[in-house]
Amino acid sequence: MRTSAVIPFFALVFVLSVPFWVAGALLGDLPGSPMNLPVGALQFPCPLIAAAILLHRREGAGAVRRLLRTTFAAGGMRRAPWLVTAFLLAPVIDLAAYALALLVGGPLGGEHSPLLAAPLLFAVFFVAAACEEAGWMGYAAGPLLDRRGVLGTGLIIGVVWGAWHVMPLLQAGRSPAWIAWWFLGTVAARVIIVWLYAGTGGSVPAAVVVHAMLNVMPSLLPGYTAGDTLIACSGLIGALVAVALLVWSAGPASSRTPRPARRA
């Protein structure tokens, strides 16, 4: 698949999301949702739907089935170091951010989910992340990596991914400063996800796990939506981690990261 095919995919994701944004404007927040998510957050199937539409139109139903298989194929996740890395990246970033926020701003308050809810949150966010990553990584990442590398691919998908969330964030009442810091952390997170995807030889489930944990952790931490301190610390530390991973990968000991498998 050529790089030019990614642009229609991005455009279709936004078009498919419009009804969810309209519903979010009319209906407000999802009752009982973590982080007071708006109805517009239900847009998560759109990347999968967009990828399926384009693949079916170009290659038929078989290509859609291959996309679904790659979204759940274990791949590089069978190797313990990558599995541990996928699960721990988000907790390490968010716990470090929380410690920094406590240091610079004092105690943090605000609603949060109890720790015992973590397994249920992970299950819910895993489904949502799988729908997204089938599009972002299963469909769009491969052709971009061929031309742009890990950093370029992460920045392109990260900016699109972040922009796609702006409307639901506005509907959730997030401030412009909060969204700006969140955007920085989101782009950094996408660079990290692309780095992990390349390192596992093209494992979409690795991206799904990191994505799910990126939603679980903020749901458990008080202060994530109550002010700008924690989200700012999270954005900064996420960016530092992304830079550190890219620098490490560029070194002689790790520059031989396996290329991701070609996707349909």
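Residues numbered from 1 in each chain as written. Predicted model: local features only at pLDDT ≥ 70, side-chain atom pairs only at ≥ 80, totals over all residues. Heavy atoms only, no water.

## Let's talk about helix 2 (residues 46–59)
Next up, step 1: When the terminal C-alpha atoms of helix 2 are compared, their 19 Å separation across 14 residues agrees well with the 20 Å that a helix rising 1.5 Å per residue should span.
Next up, step 2: Of all the positions in helix 2, only Cys46, Pro47, Ala50, Ala51, Ala52, Leu54 and Leu55 are classed as buried.
Next up, step 3: Remark: Gly60 follows helix 2 within two positions and exhibits a positive phi of approximately 100°. (Helix = DSSP H or I, 4+ residues; strand = E, 2+ residues; numbered from the N terminus. Expected span 1.5 Å × (residues − 1). Buried < 20%, exposed > 50% of the residue type's maximum accessible area, 1.4 Å probe, protein only.)

## Overview of a nonpolar patch on the surface
Next up, step 1: Together, Leu83, Val84, Phe87, Leu88 and Val92 make up a nonpolar patch on the protein surface, roughly 400 Å² of accessible area in all.
Next up, step 2: Position of Val92 relative to the elements: it lies in helix 4 (residues 80–105). (Patch = residues over 30% accessible without salt bridge, like charges linked within 9 Å, V, L, I, M, F, W, Y side chains within 5 Å. Areas by Shrake-Rupley, 256 points an atom, 1.4 Å probe, with all protein chains shown as cover. Salt bridge = Lys/Arg side-chain N within 4 Å of Asp/Glu carboxyl O.)

## Focus: the packing of aromatic side chains
Next up, step 1: For the coordinates displayed, the defined rule picks out 11 aromatic pairs.
Next up, step 2: Measuring from ring centre to ring centre gives 5.0 Å for Phe9 and Tyr139, while their planes differ by 35°; the resulting arrangement is tilted. Separated by 130 residues along the polypeptide, Phe9 in helix 1 (residues 6–27) and Tyr139 in helix 5 (residues 118–171) bring together distant segments of the chain. Assigned by exposure class, Phe9 and Tyr139 land together as buried. (Phe/Tyr/Trp six-rings, centres within 6.5 Å; stacked < 30°, edge-to-face > 60°.)

## Overview of the side chain of Ser203
Next up, step 1: Mapped onto the secondary structure, Ser203 falls in the loop between helix 6 (176–199) and helix 7 (204–220).
Next up, step 2: Using a relative accessible area of 2% as the deciding quantity, one classes Ser203 as buried.
Next up, step 3: At 3.3 Å, the side chain of Ser203 and the backbone nitrogen of Ala206 are in polar contact. (Polar contact = N/O pair within 3.5 Å; in protein donor to acceptor, adjacent residues only side chain to side chain.)

## Quick word on the confidence of the model for the protein
Next up, step 1: Looking at the protein as a whole, its pLDDT mean stands at 89, while 91% of the residues score no less than 70.
Next up, step 2: Residue range residues 253–264 is modelled with pLDDT below 50. Its contacts to residues more than four positions away, or to other chains, number 32 contacts. (pLDDT = per-residue confidence, 0-100. Contact = heavy atoms within 4.5 Å.)

## What about the environment of Leu54?
Next up, step 1: Note that Leu54 resides in helix 2.
Next up, step 2: The exposure class of Leu54 is buried, given its relative accessible area of 14%.
Next up, step 3: When the C-alpha atoms of Leu54 and Phe72 are compared, they prove to be 20 Å apart, with 18 residues separating the residues in sequence.
Next up, step 4: With sequence-adjacent residues up to four places away left out, Leu54 is seen in contact with Pro8, Phe9, Leu12 and Tyr139.

## Overview of the packing of helix 5 against helix 6
Next up, step 1: Two elements in contact, helix 5 and helix 6, have axes whose closest approach is 9 Å; the angle formed by their N-to-C orientations is 150°. In terms of their interaxial angle, helix 5 and helix 6 are classed as roughly antiparallel. As for the relative orientation of helix 5 and helix 6, their crossing is right-handed in sense.
Next up, step 2: A per-class count over the contact of helix 5 with helix 6 returns 26 nonpolar, 6 polar and 2 charged. (Axes fitted to C-alpha atoms, helices over the stretch in contact; angles between N-to-C directions. Parallel < 35°, antiparallel > 145°, perpendicular 65-115°, else oblique. Left-handed = near helix turned anticlockwise from the far one by under 90°. Nonpolar A, V, L, I, M, F, W, Y, C, P; charged D, E, K, R; others polar.)

## Overview of helix 3 (residues 61–72)
Next up, step 1: An ideal rise of 1.5 Å per residue puts 16 Å on 12 residues; helix 3 measures up with 17 Å between its terminal C-alpha atoms.
Next up, step 2: Of all the residues in helix 3, the buried ones are Ala63, Val64, Leu67, Thr70 and Thr71. Around the axis of helix 3, the buried residues are gathered within 125° of arc, so they sit on the same side. The exposed set on the far side of helix 3, more than 90 degrees from its buried face, consists of Arg69 and Phe72.
Next up, step 3: Looking at the buried positions of helix 3, the neighbouring elements they touch are helix 2, helix 5 and helix 7. (Arc of directions from axis to C-beta.)

## Details of the nonpolar core
Nonpolar side chains in soluble globular proteins generally cluster together in the buried interior.
Next up, step 1: Ranked by size, the top nonpolar core spans 71 residues in total, and within it Phe9, Phe10, Trp136, Met137 and Tyr139 carry the most contacts.
Next up, step 2: Counting only elements with at least two residues in this core, the list comes to helix 1, helix 2, helix 3, helix 4, helix 5, helix 6, helix 7 and helix 8 (229–250).
Next up, step 3: For this core, the leading source of residues is helix 5, giving 17 residues.
Next up, step 4: When residues no more than four places from it in sequence are discounted, the contact partners of Phe9 are Pro47, Ala50, Ala51, Leu54, Gly135, Trp136, Tyr139 and Ala140. (Core = buried A, V, L, I, M, F, W, Y, C linked by side-chain atoms within 4.5 Å.)

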